[in-house]
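Breakdown of the fold
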Amino acid sequence: MSASALIAVLKGLLDQRGLLTEPADLEPYGHDWRGLFSGRPLCVALPRTVEEVSAVVLACSAAGHAVVPHGGNTGLSGGATPDDSGRQVVLSLSRMAAIRKIDVYGETMEVEAGCILQTAQEAAQAQGLLLPITLAAEGSARIGGILSTNAGGSNVLRYGMARSRVLGLEVVTADGAIVRGLRHLRKDNAGYDWKQWFIGSEGTLGIVTCAVLQLAPMPRHRVTAMLAVPDADAALKVLRAARQAIGDTLNAFELMSGAALELVSRHQQLRLPLAHSPWFVLIEAGSSLPGLRDAAEALLAEVLERGEASDGVVAESERQEAELWALRESITEAESKQGRSVKHDVSVPIPEIPAFLAAADEAVGRAFPGTRINAFGHVGDGNIHYNLIVPDGADGSALNAVVHDLVMVHGGSISAEHGVGQYRVGELLRCKASPEIVLANRVKRALDPAGLFNPGKVLPAL
Ligand code: MLT
Ligand code: ZN
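Here is a short report on the structure shown in this document. (Residues numbered from 1 in each chain as written. Chains lettered and ligands numbered in written order. Predicted model: local features only at pLDDT ≥ 70, side-chain atom pairs only at ≥ 80, totals over all residues. Heavy atoms only, no water.)

Our focus in this paragraph is the overall build of the chain. A tally of regular secondary structure across the chain gives 16 helices and 19 strands. In terms of its C-alpha atoms, the chain occupies a principal-axis envelope of roughly 70 × 55 × 45 Å. Scored against the burial criterion, the 462 residues of the chain give a buried share of 53%. Across the chain, the fraction of contacts at a sequence separation of at least 24, relative to all contacts at a separation of at least 6, is 73%. Element-wise, carbon and sulfur atoms account for 52% of the exposed surface of the chain, whose accessible area totals about 19,400 Å². (Helix = DSSP H or I, 4+ residues; strand = E, 2+ residues; numbered from the N terminus. Buried < 20%, exposed > 50% of the residue type's maximum accessible area, 1.4 Å probe, protein only. Contact = heavy atoms within 4.5 Å. Areas by Shrake-Rupley, 256 points an atom, 1.4 Å probe, with all protein chains shown as cover.)

Here's what the structure looks like:
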């Protein structure tokens, strides 16, 4: 079937607003938000129901045109950007955005894939509940993309990755079947846990259309503190002290280099509440029991006394809490204003963090003089964003290889929370053991034998 015949079929399946074909309308779907990945969609389908998603998938399959699922376009690995063949159909779930149900007894939410994360968070909050997925892009990221990439963020330490919130899923598979698994059950061992195949597989195995998410009780008290620490070793000591003192209440434990915060104060005009230090940590804890603030202040006194931290501040108001978080959440934007950056979203076992950072700083400094290291991340999960701001013309792949080789030496992963997308396919093949890649290809072939869904993402195109 020709491209124009497919467009005619899709027009017949969808309503007037359901298909975009004009170049100006396609433009935003042809690149990621940073403009690092670009392509040319044939058209953009915007179905309103799971039945329409199924019909679009079947039509594309019959016509031999690949389908690229698209959420809020906030990804960092090019997973939602089509290739430049001009043949791929972008499938946007943005018109399937309803919150279908919130169960306050079971603390669950049934939400369609196109719902913006912040909208879902606010709906949970209105019922006195917490949807504990928090990331800088929450005002634009959509639930379908968050689940398809198994997004992380800053409260994984307490609540786990996106995967761990999912109780039920509805997906459309490559044969157009609608698999309805929207169960609101904590316990469900009836056969394979197939929903896991579609979470974190970045739209390469099926289209997520709706999910049942496990909510959590909303902690009524919160405390946020920022500490200056001399080095990464000291940051781990503070982490250990925090785990022992208030571990069951710890939402986030973030690490930021002094260099990262210098970028923030320069480009975002934000004021640092503490004097310069090589490293800083940002800690947030939440509990419904009183006494959290006293415990946090005691923790701060203890680590200052032992010299594990050199200075610290506990936020006195919600406004101060927001100001502390703004420092952390502005790092990526400040980095992009500083220049071209090569990102590494790596994780290593927590005790390996100081040795990994030292080895990477040394190797990068030796092989790529002039590179500015911007390291920060979710240290409580072992996840470091080891980003490098590089001179124009620097060889990104060579930098990736140096950093990822060290990640392997330290027993880590080259993709902690941003996914593989199209950005890390080559590095995944290089760094992952071949039986794991063979297994992944077998799953892909079993669920999507014709390579209909998001070809060239996560794995090379079939
Ligand atoms: C963050 O944690 O702020 C982002 O995941 C990091 C990044 O943009 O590299
Ligand atoms: Zn992150």
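With that settled, consider the coordination of the zinc ion (ligand 2). Protein ligation of the zinc ion (ligand 2) involves His378 (NE2), His385 (NE2) and Glu417 (OE), the donor distances falling in the range 1.9 to 2.1 Å. For the zinc ion (ligand 2), the donor residues sit on a single chain with the sequence spacing H-x6-H-x31-E. Residue histidine 385 is found in strand β19 (residues 383-389), and its partner glutamate 417 is found in the loop between α14 (396-409) and α15 (425-431); the two are separated by 32 residues along the sequence. Looking at glutamate 417, the relative accessible area reads 10%, which means it is buried. (Donors = N, O, S within 2.8 Å, 3.2 Å for Na, K, Ca; no water.)

So, about a nonpolar patch on the surface. Together, Met1, Val9 and Leu13 line one region of the surface with nonpolar side chains, adding up to about 240 Å² of accessible area. Along the chain, valine 9 falls in helix α1 (residues 3-13). (Patch = residues over 30% accessible without salt bridge, like charges linked within 9 Å, V, L, I, M, F, W, Y side chains within 5 Å. Salt bridge = Lys/Arg side-chain N within 4 Å of Asp/Glu carboxyl O.)

So, on to the sheet that holds strand β6 (residues 108-112). The five strands lie next to each other as β5-β6-β10-β8-β9, forming an open sheet whose pairing is antiparallel. Two strands close off the open sheet at either side, each with one partner strand: β5 (99-103) and β9 (178-181). Taking the axes of each pair of neighbouring strands and ignoring which way they run, one obtains an average angle of 10 degrees across the sheet. As defined by bridge partners, strand β8 (residues 166-172) adjoins β9 across four bridges and the pair is classed as antiparallel. Among the inter-strand pairings, glutamate 170 is bridged to a residue of β9, identified as arginine 180. (Pairing = 2+ DSSP bridges. Axes fitted to C-alpha atoms, helices over the stretch in contact; angles between N-to-C directions.)

Before going further, it helps to examine the pairing of β5. Taken together, the four bridges between β5 and β6 define a ladder with antiparallel strand orientation. For aspartate 103, the partnering residue across the bridge sits in β6 and is threonine 108.

If you trace the backbone, serine 317 turns up in the loop between β15 (311-314) and α11 (318-329). We classify serine 317 as partly exposed; its relative accessible area is 32%. Remark: the alpha-carbon pair of serine 317 and methionine 256, spanning 61 residues in sequence, is separated by 22 Å. At 3.1 Å, the side chain of serine 317 and the backbone nitrogen of glutamine 320 are in polar contact. (Polar contact = N/O pair within 3.5 Å; in protein donor to acceptor, adjacent residues only side chain to side chain.)

One open sheet holds the four strands; their spatial order is β1-β2-β4-β3, and the pairing between them is mixed. Looking at the sheet topology across the chains shown, the edges are occupied by β1 (19-20) and β3 (67-70). Inspection of the sheet shows strand β2 (residues 43-45) paired to strand β4 (residues 89-92) by three bridges, in the parallel sense. From the neighbouring strand, cysteine 43 faces β4, where its bridge partner is valine 89.

Close to ligand 1 lie Leu76, Arg328, Thr332, Lys343, Phe376, His378, His385, Asn387, Glu417 and His418. Note that an oxygen atom of ligand 1 is positioned 3.1 Å from one of the side-chain N or O atoms of histidine 385. Interatomic distance of 3.1 Å between a side-chain N/O atom of glutamate 417 and an oxygen atom of ligand 1. Of all the secondary-structure elements, those providing two or more residues to the shell around ligand 1 are β18 (372-378) and β19. (Near = heavy atom within 4 Å.)

Attention shifts here to helix α9 (residues 258-267). For α9, the full list of buried residues reads Gly258, Ala260, Leu261, Leu263, Val264 and His267. Positive backbone phi, at 50 degrees, marks glutamine 269, one or two positions downstream of α9.

Now for the packing of α9 against helix α12 (residues 331-338). The interhelical angle for the contact between α9 and α12, taken along N-to-C directions, is 75 degrees, at an axis separation of 8 Å. Classified by the angle between their axes, α9 and α12 sit roughly perpendicular to one another. Between α9 and α12, the contacting residues are Ala260, Leu261, Leu263, Val264, Arg266 and His267 on the first element and Ile331, Ala334, Glu335, Lys337 and Gln338 on the second. Among the residues forming the contact of α9 with α12, the class breakdown is six nonpolar, two polar and three charged. (Parallel < 35°, antiparallel > 145°, perpendicular 65-115°, else oblique. Nonpolar A, V, L, I, M, F, W, Y, C, P; charged D, E, K, R; others polar.)

Locating isoleucine 199 in the fold gives a position in the loop between α7 (195-198) and β10 (207-214). Judged by its relative accessible area of 2%, isoleucine 199 is buried. With 33 residues separating them along the chain, isoleucine 199 and valine 166 place their C-alpha atoms 8.9 Å apart. In this view, isoleucine 199 contacts Leu147, Ser148, Asn150, Arg163, Val166 and Leu169; residues no more than four positions away in its chain are not counted.

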